[in-house]
Number of protein chains: 6
Amino acid sequence: MTRLDENHLSSGERARVLVEALPYIKRFHGQKIVVKLGGVAIEQRKQETLLDIVLLRYVGMLPVLVHGGGAEITSMSDRLGLKAEFKRGLRVTDAQTMEVVKMVLTGKINPDLVASLNRLGGQAVGMSGEDGPSIIAEGHDADLGFVGRVTQVNAEPIDALINRGYIPVMASIGLGYDGHAYNINADTVAAELAVALGASKLILLTDVEGVKGPDGQVISELGRARAEAMIAGGQAEGGMIPKLEAAVRSLDAVPYAHIIDGRTPHALLLELFTEAGIGTMVTP
Amino acid sequence: MTRLDENHLSSGERARVLVEALPYIKRFHGQKIVVKLGGVAIEQRKQETLLDIVLLRYVGMLPVLVHGGGAEITSMSDRLGLKAEFKRGLRVTDAQTMEVVKMVLTGKINPDLVASLNRLGGQAVGMSGEDGPSIIAEGHDADLGFVGRVTQVNAEPIDALINRGYIPVMASIGLGYDGHAYNINADTVAAELAVALGASKLILLTDVEGVKGPDGQVISELGRARAEAMIAGGQAEGGMIPKLEAAVRSLDAVPYAHIIDGRTPHALLLELFTEAGIGTMVTP
Amino acid sequence: MTRLDENHLSSGERARVLVEALPYIKRFHGQKIVVKLGGVAIEQRKQETLLDIVLLRYVGMLPVLVHGGGAEITSMSDRLGLKAEFKRGLRVTDAQTMEVVKMVLTGKINPDLVASLNRLGGQAVGMSGEDGPSIIAEGHDADLGFVGRVTQVNAEPIDALINRGYIPVMASIGLGYDGHAYNINADTVAAELAVALGASKLILLTDVEGVKGPDGQVISELGRARAEAMIAGGQAEGGMIPKLEAAVRSLDAVPYAHIIDGRTPHALLLELFTEAGIGTMVTP
Amino acid sequence: MTRLDENHLSSGERARVLVEALPYIKRFHGQKIVVKLGGVAIEQRKQETLLDIVLLRYVGMLPVLVHGGGAEITSMSDRLGLKAEFKRGLRVTDAQTMEVVKMVLTGKINPDLVASLNRLGGQAVGMSGEDGPSIIAEGHDADLGFVGRVTQVNAEPIDALINRGYIPVMASIGLGYDGHAYNINADTVAAELAVALGASKLILLTDVEGVKGPDGQVISELGRARAEAMIAGGQAEGGMIPKLEAAVRSLDAVPYAHIIDGRTPHALLLELFTEAGIGTMVTP
Amino acid sequence: MTRLDENHLSSGERARVLVEALPYIKRFHGQKIVVKLGGVAIEQRKQETLLDIVLLRYVGMLPVLVHGGGAEITSMSDRLGLKAEFKRGLRVTDAQTMEVVKMVLTGKINPDLVASLNRLGGQAVGMSGEDGPSIIAEGHDADLGFVGRVTQVNAEPIDALINRGYIPVMASIGLGYDGHAYNINADTVAAELAVALGASKLILLTDVEGVKGPDGQVISELGRARAEAMIAGGQAEGGMIPKLEAAVRSLDAVPYAHIIDGRTPHALLLELFTEAGIGTMVTP
Amino acid sequence: MTRLDENHLSSGERARVLVEALPYIKRFHGQKIVVKLGGVAIEQRKQETLLDIVLLRYVGMLPVLVHGGGAEITSMSDRLGLKAEFKRGLRVTDAQTMEVVKMVLTGKINPDLVASLNRLGGQAVGMSGEDGPSIIAEGHDADLGFVGRVTQVNAEPIDALINRGYIPVMASIGLGYDGHAYNINADTVAAELAVALGASKLILLTDVEGVKGPDGQVISELGRARAEAMIAGGQAEGGMIPKLEAAVRSLDAVPYAHIIDGRTPHALLLELFTEAGIGTMVTP
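Residues numbered from 1 in each chain as written. Chains lettered and ligands numbered in written order. Predicted model: local features only at pLDDT ≥ 70, side-chain atom pairs only at ≥ 80, totals over all residues. Heavy atoms only, no water.

**Examining the packing of aromatic side chains**
Two measures describe an aromatic ring pair: the distance that separates the ring centres and the angle between the ring planes. Within this structure, the stated rule accounts for six aromatic pairs over all chains. A ring pair is formed by E:F146 and E:Y182, whose centres lie 5.5 Å apart and whose planes are at 65 degrees; its orientation type is edge-to-face. Of this pair, E:F146 sits in the loop between β6 (135-139) and β7 (148-153) while E:Y182 is found in strand β10 (residues 181-183), placing the two residues 36 residues apart along the sequence. The ring of C:F28 has C:R27 sitting right over it, with the charged end atom 5.9 Å from the ring centre. The ring centre of A:Y58 lies 4.1 Å from the NZ or CZ of F:K26, which sits over that ring. (Phe/Tyr/Trp six-rings, centres within 6.5 Å; stacked < 30°, edge-to-face > 60°. Helix = DSSP H or I, 4+ residues; strand = E, 2+ residues; numbered from the N terminus. Lys NZ or Arg CZ within 6 Å of the ring centre and 35° of its normal.)

**Quick notes on the relation of the copies chain F and chain E**
Each of the two chain copies goes to the other by way of a rotation about an axis and a shift along it. In screw terms, the move from chain F to chain E is a rotation of 180 degrees and a rise of 0.0 Å along the axis, fitting with an RMSD of 0.1 Å. Within this description, the copies of the chain are treated as partners about a two-fold rotation axis. For chain F, the smallest separation between a C-alpha atom and the rotation axis is recorded for F:G107, amounting to 2.0 Å. Residue by residue, 100% of the interface of chain F is reproduced at the interface of chain E, so both copies engage with the same surface. (Least-squares fit on C-alpha atoms with pLDDT ≥ 70 in both. Contact = heavy atoms within 4.5 Å.)

**With respect to the pairing of strand β6 (residues 135-139) of chain F**
Residue and element names in this part refer to chain F. As judged from the five bridges shared by β6 and strand β7 (residues 148-153), these two strands associate in the antiparallel manner. If you follow I136 over to β7, its bridge partner there is Q152. Across two bridges, β6 lies against strand β9 (residues 173-176) in parallel orientation. Within β9, the residue paired with I136 across the bridge is L175. (Pairing = 2+ DSSP bridges.)

**Focus: the sheet that holds strand β9 (residues 173-176) of chain C**
All names here are of chain C. Strands sit in the order β7-β6-β9-β10 across an open sheet of four strands; the sheet is mixed. Of all the strands in the sheet, the pair left with one neighbour each is β7 (148-153) and β10 (181-183). Across the sheet, the mean angle from the axis of one strand to that of its neighbour is 50 degrees, orientation sign disregarded. Both β9 and β10 contribute to a ladder of three bridges, which runs antiparallel. In the strand pairing of β10, L175 is matched with A181. Contacting β9 and β10, helix α4 (residues 95-119) runs over the sheet at an angle of about 75 degrees to β10. Packed onto the sheet, helix α6 (residues 186-197) meets β6 (135-139) and β7 and runs at close to 10 degrees relative to β7. (Axes fitted to C-alpha atoms, helices over the stretch in contact; angles between N-to-C directions.)

**Structural notes on the packing of helix α4 (residues 95-119) of chain E against helix α5 (residues 95-119) of chain F**
Running from N to C, α4(E) and α5(F) point in directions that differ by 115 degrees, and their axes come no closer than 8 Å. Classified by chirality, the crossing of α5(F) by α4(E) is right-handed. Between α4(E) and α5(F), the contacting residues are E:E99, E:K102, E:M103, E:T106, E:G107, E:K108, E:P111 and E:D112 on the first element and F:E99, F:K102, F:M103, F:T106, F:G107, F:K108, F:P111 and F:D112 on the second. The residue inventory of the contact of α4(E) with α5(F), partitioned by class, reads four nonpolar, four polar and eight charged. (Left-handed = near helix turned anticlockwise from the far one by under 90°. Nonpolar A, V, L, I, M, F, W, Y, C, P; charged D, E, K, R; others polar.)

**Observations regarding the relation of the copies chain C and chain D**
For the pair chain C and chain D, the superposition axis carries a translation of 0.0 Å, the fit reaches an RMSD of 0.0 Å, and the rotation angle comes to 180 degrees. A share of 100% of the interface residues of chain C reappears at the interface of chain D, consistent with the copies meeting face to face through the same patch.

**Comments concerning the interface of chain C and chain D**
Counting residues at the interface gives 36 residues for chain C and 36 residues for chain D. At the boundary of chain C with chain D, total buried surface from both sides reaches about 3100 Å², with 53% on carbon and sulfur atoms. Here chain C and chain D share six salt bridges between them. Inspection of the chain C/chain D interface yields 14 residue pairs in polar contact (both at pLDDT 80 or more). Taken together, the elements giving at least two residues each to the side of chain C that touches chain D come down to α3 (70-79), α4, β5 (124-128) and α5 (156-163) of chain C. Per element, the largest residue contribution to the side of chain C that touches chain D is 13 residues, and it comes from α4(C). Of the residues in the side of chain C that touches chain D, the class split is 15 nonpolar, ten polar and eleven charged. (Buried area = accessible area lost by both parts, 1.4 Å probe. Salt bridge = Lys/Arg side-chain N within 4 Å of Asp/Glu carboxyl O. Polar contact = N/O pair within 3.5 Å; in protein donor to acceptor, adjacent residues only side chain to side chain.)

**Description of the pairing of strand β5 (residues 124-128) of chain A**
With five of its five residues buried, β5(A) lies for the most part within the structure. Here β5(A) shows a buried face lined by A:A124, A:G126 and A:S128 and a second buried face lined by A:V125 and A:M127. (Buried < 20%, exposed > 50% of the residue type's maximum accessible area, 1.4 Å probe, protein only.)

**Concerning the interface of chain F and chain E**
Interface extent is often summarised as the accessible area lost during association of the parts. Each partner contributes residues to the interface: chain F has 36 residues there, and chain E has 36 residues. When the area that chain F buries against chain E is broken down by residue, the three leading residues are F:R79, F:M103 and F:R164, summing to 18%. Seen at the junction of chain F and chain E, the total is six salt bridges. Here E:D112 ties to F:K102 by a salt bridge, and the two come within 3.2 Å at their closest N and O atoms. Joining chain F to chain E, the criterion identifies 14 residue pairs in polar contact (both at pLDDT 80 or more). Where the side of chain F that touches chain E is concerned, the elements lending two or more residues are α4 (70-79), α5, β5 (124-128) and α6 (156-163) of chain F. Class assignment for the residues of the side of chain F that touches chain E results in 15 nonpolar, ten polar and eleven charged.

And the structure:
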């Protein structure tokens, strides 16, 4: 562990941070935490975020990462001369595009995250839902092609790796009974994995401060009923809807779901080990 | 298991095949068998080869697959407008080309093999050497870029999957201490894995009948010394050299290495479960 | 394993036999199979039958053998000057005759089977129902003396031997609560053992091709109801009745019972590992 | 346990017997004790001797019984009209006689002991050296036929039964590499079993008070060297020689061998649980 | 074990004591036995009583000791100049007195018992109810101060020591939820421990022969209903009441409670291992 | 866990404390840490010190406490009218005084520490070296009476409690082979326990800032050789000598020994989980 810059805290201040953190560290020992990486957390804060993940594993938590990768898919599709088409905000994914999705997620973003975690001292193993297979999917709209939703999760191969000390990193792709691969929203995959693994927390790292109320303030704690009302009533803005849906879905089995700001350095540590927490906690 | 065509064998003939096969089935029960897939075996005989792999797992063997994928890398490089350059018969692999290698091997060929095995009733999990990391590599010639050789194998994550009943499928990529991915010859990767896993057999599926002697006849059993002489003395033709080198390397820890004809239907079953075997067996 | 005679099969033919057999080998791995030996199987086909038993153990099945021994009992009784008396087709078994039964079954046939299995590479241990005691019996007709039926099976000592890798060979004798040994029909003992052990199959090796229908043809698959009707309606000929009764009894817990022709060489292998099977399968 | 006759002991006397016995009971807990039954112990004191065996098992010892059966073999041979022939005091055992030996030991005496132990609340399982095979033998004099000596003991099947709570009862027959059964002296078998099982004691129940010195007094404790001198020097009388040889042989691995008087009621309990002991203890 | 004086018993007499004792030794093997030490047993018969305890552990029983210590508390209070006050026969225990109770029980009597057991070859570990905490208590009468009753038992730390082979010795002190230590009647603690540990017997060693009936004779076997009637009806004399209450309480989970005479040498061995037993057995 | 006062730290400052602490928390997970309590740490900082101990256990460390108690022994001796005598700075400990030592350490200080830990949410079990016995001692100077040194440590009973999740609290008393209890210096007991338990750290909490050099500054890191020189050369002041001796002794098996200032609040947390540490670290 390289030495950090001097931070001018008194021993009393340091002691108080530790006295506050230790009970949380105990509470989560041996617990599975599913973290969805996205946006800034995966781009500009990548080193800090992945260091946090490695530290979580150090103190006995069992983190599982999930990622998608929209921007890089678009860029590679362009290079290969595939014309992008969107319907209802979703990319129409024909067979050729799906091939690109697999190559980018499984063949580029996933191994890059894995290699970075390994360099930071973690032991990561990349997977997609086709491995095992661990995520069974089906198409949800005929005109969107290979865009799918999760129908079943097989946690066994993921658990096998967790139990041997590895950090699984999962690309958001599922295998259909028809033998085709499907592209699935990564928030959804994270929620389904959290349920199937019996995780203690689902944490979605986003590019906003949290879920905001009508007054523009971040809501610290959001009950399931109110979250469902926000989805149904249209108060939730575009990109927040699948996140709220994922959070609500996970509550079927997971005690807490968190939507937090991936732009804050070490957002994960602050959420998990300080009393205040950050962002929005969605509760049953 | 779908019904096979009627095969007109008498019960006596069937009994004899079984009486011959059963001792081999026992001998290999719980043994690891590393199989390098390549050429015809991965293209035209893919279904039969993968069915054999699934059947091996059925009767208690522990198969591990390794694959490369030269042809598809070339084709994808072309589509992305990368100019191919070769030195001493090896592809010069700059950073951009390496990105293509990863996408094709880890993001395309590997998940396709995994999905096919899963459809045939196996339970496969794809990996590359960056996962774990399981294969540590280094470059071997500065002017070839990210072409590497294996310096260390970490069998732990592979064993974790084997022990839980999965068939690992490994793409021939390694992770360097410099944080870069390296492209490695798949025969070599297979040999190093066989050694690190304590495999009972290394089987290289090729597009030829086996190793041939000066008389053009396939050599059934080839001692290590003679194999080394064939490499050193130049009697081995081009493509056969890395295979012979891999076979010889594996003999440091593996009792038998086989170079067999992937064009023969069910070549693996015939090699493993009949007294005659097929192709060339390299022995210590 | 000694080399077998050349059998002139093409590699394609061999491959097909294996592709067909492997799923069965997997299905029965770790499963208990109770085999009743009798007639020709124990006399002229003894070597082939016992070799099959050893091979079953090799590939992970758990065979249990049961035997009686009518003919040798008669011969030894004659030598000792005991007068044979029969009622309703059953031997009247007084104390002296019972002593002969024990000596012949436990002291002659059983150790001979055990020694033969051991010579063929199996590891067999002989038992009678008095050991443990594993078979509790009672007399069923006062005027028949020590002819008994099974009232209870204690599978524990048999399981102890199976779990350590041994092939139990059981003589069809039980211990009564009155402290006397009883002579029991071996088909019945095999059925009761199959139930108590949770076997996956009961196989009765006989001297006929199988159960025959009114047209004289062997019935491949015979439902329980029809088998019961054949017993009740008298269509089953003399020696077949106890076999059908044993098969029907075993179906209380065992999925399949087989009445097959012990005169066919390697009848057990053909029944277990080929799609067609041989003889009659009795199903629930 | 049925109530015993009143025995008029004061509570102080009872307490002293117990205070003396308990350390021995502890010392032998979980220890294997090989007991050779013979003569009076197997005939007139059978109930008391077998009750002692069951009680030993009750308090956590692991008794193993060995028996021969010379007198009954002679009687059955006579009934079958076989002419007995002796050379150097040993019965010439041709194939027909060996068949009788097996029938009497394995098919009569052994199951009778097993059934009696079972009735007294023990759980006994009968074996001969052919089972497993557990005793490998070879002939020792060509003109004696199938009279053999032990060349190897395989304790595995015996241990399997002991570990599951059973009392093994072993008939003194071995299996030769030539596939033939051999008749072996039961004292020898007991000594070899004691060594192979790592027993804590070998106890030979005889029809005399113990080993006697020149003064006609029983020797309480007999060192190995003196025992060997008695054999070599001819001071040991006929029947005592094989017993002394067995005792000496067992000392290669067993701490104590005892030659005690089977005519004393409950001789085993008195030997094991009282300070004085009875008979002769042979020590390394 | 030091040699005991010669006790002039015949081998037949010794054998009968053993034949009678062994089934009891078996029955109690691995069973927990809670013994309350008090009065003479802890003073004049201490060596014999503790030797019995060590012997019980030797033969596989799991004894647990409980003790109080009224007389020594009084003596130490006097030395420290504390004035004793009694109400309804119970010592008024203020904070200063409670400090003395802890010092005497935990700091004097308990380590003395522990050291004696250790010297006799046992392995003892002393505890009070504050350790763990294993005994949760509350005050039962405001004017008695820190005199308490048991509200809950946590058997875990006691079991941890038993399982590693130790003899726990428990001082009759409990910890209140208010953080105060409470002095509890040792008979009561023994009964509650016996229930919480799932003991097979509770044995209270007293200074009388047992529970006596109206005729002044010791009652050998006393049913629960009659015991309750004796408490309610006032037939039980002063010191016997808490013992009878403890015995009755233990019957909620323990099969037998015994009130026996600690003045008889080796009273425990006689109670446990002879058919007659001694003192009074209270039964459900 | 009760809420702490607001401490006005930014999230960045909190994150830095955690990023620094987590690797230490991992490093010590499952490691045994022996802590000697004394002076201020046991008097004025008792709550903070014991809270730290409980928190260490929470995050997976295995703390073991050792304590003496000189001041209270003196005070109780005075109350009981025992005249104190000192030789060479050590209390002459006759039998009566030793009784007081046991009562105060085992019957007062020890249960008070245990009860406090239990109230703070730990699970503590008190012991002295007589329990097990875990500490074997002998007198070291005839004229000092029952003042002893450690001759042997039996870690088994302590390990039994640690493995079941308890915090052992050990009073510094040992049991002699002569059956007497001995009073031992608590620093020494802590060092011997640390060696016997295979602890990762020995921490001595004192009333000074650490070991000071000739310049009056605390020495942060002190090599074994220099520590030995300070003892031999007389540079170490009175009370520091036994602490330095204990630290040096522990280095035979323990990687680090720490002499730290028990007056600093949460001194243990700061020592263990911050990069700077506090006080003096003695290294091999």
